Amino acid sequence: MTSTEPAESTDPAEVSGATGHRYETTESSTAYTGRIISVRRDLVRMPDGDVSQRDVIVHPGAVGIVALDEDHRVVLVHQYRHPVGGPLWELPAGILDVAGEPASLAAARELAEETGLWADRYDLLVDVWSSPGMTDEAYRVFLARGLHEIPAAQRHVPEHEEVDMGVARVDLDEAVRQVQRGEITNGMAVIGLLAADRCRSADFTGLRPAGTPWPARPAHSG
């Protein structure tokens, strides 16, 4: 597993649109700062000359893991999500809250903490902007293989929602069917499971290395 990768971001003020217009941010301020996210208020010059307000949810970024065992079962977690008022079946995942930590190492840490598993191999499965119309949140999903149980005495002690978290291994084909039936609805899980199924059909060829540069990673994540 590669342990070095740049933490880069693309500044929207430096990007031109299809017409060559430069979307200049003329003014920027922080409207709200929370425990994980903040809200930035930007005034942006539009192609017609007007200046329009854009509110941006600033997020540190995240990683997710499709952990696939030798029987092609995927490891899923069942976690309470307060904004939607209930639990969802998801991939093991977590925010990039350790400054300077490579995403691949963050993924390994999250897999260990949430499932008690360690993997011999990590490959890059897919990169995603979660909702680019309102947030700079980007996440990277890894494919983890060669799974091993971590001894009980060495496992992470869960806290908060993790205390109530369930863990299950589901055949990848069945997990894809659950996506199609609307039973798995978490965005990262849907994308990761469908991408893993596609990669498996190609005999896992074409996967990028775990340490592939990630220009979309938010700069404030370290």
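Residues numbered from 1 in each chain as written. Predicted model: local features only at pLDDT ≥ 70, side-chain atom pairs only at ≥ 80, totals over all residues. Heavy atoms only, no water.

**Q** Give a description of a nonpolar patch on the surface that names residues and reports values.
**A** Nonpolar side chains collect at one region of the surface, where Tyr-32, Ile-36 and Ile-37 lie side by side and expose about 250 Å² of accessible area between them. Within the secondary structure, Tyr-32 sits in strand 1 (residues 25-33). (Patch = residues over 30% accessible without salt bridge, like charges linked within 9 Å, V, L, I, M, F, W, Y side chains within 5 Å. Areas by Shrake-Rupley, 256 points an atom, 1.4 Å probe, with all protein chains shown as cover. Salt bridge = Lys/Arg side-chain N within 4 Å of Asp/Glu carboxyl O. Helix = DSSP H or I, 4+ residues; strand = E, 2+ residues; numbered from the N terminus.)

**Q** Before we move on, can you summarise the pattern of salt bridges with the specific residues and values?
**A** Throughout the structure, instances matching the rule amount to 21 salt bridges. Notably, a salt bridge pairs Glu-113 with Arg-109, separated by 3.9 Å at the nearest N-O pair. Here Glu-113 and its partner Arg-109 are both found in helix 1 (residues 103-115), four residues apart, which amounts to about one turn of the helix. Residues joined in a network through salt bridges with shared partners are Asp-69, Arg-73, Glu-149, Arg-155 and Arg-169.

**Q** Describe the packing of aromatic side chains, with residues and values.
**A** Under the defined criterion, the tally for this structure stands at zero aromatic pairs. The lysine or arginine in question, Arg-145, covers the ring of Phe-204, its NZ or CZ lying 4.6 Å from the ring centre. (Phe/Tyr/Trp six-rings, centres within 6.5 Å; stacked < 30°, edge-to-face > 60°. Lys NZ or Arg CZ within 6 Å of the ring centre and 35° of its normal.)

**Q** Let's hear about unusual backbone geometry: which residues, and what values?
**A** In this structure, Asp-203 takes a positive phi of about 60° despite not being glycine. Along the polypeptide, Asp-203 turns up in the loop between helix 3 (187-201) and strand 11 (208-209). Judged by relative accessible area, Asp-203 falls into the exposed class, the value being 61%. Positive phi, close to 60°, is recorded for Phe-204, a residue that is not glycine. (Buried < 20%, exposed > 50% of the residue type's maximum accessible area, 1.4 Å probe, protein only.)

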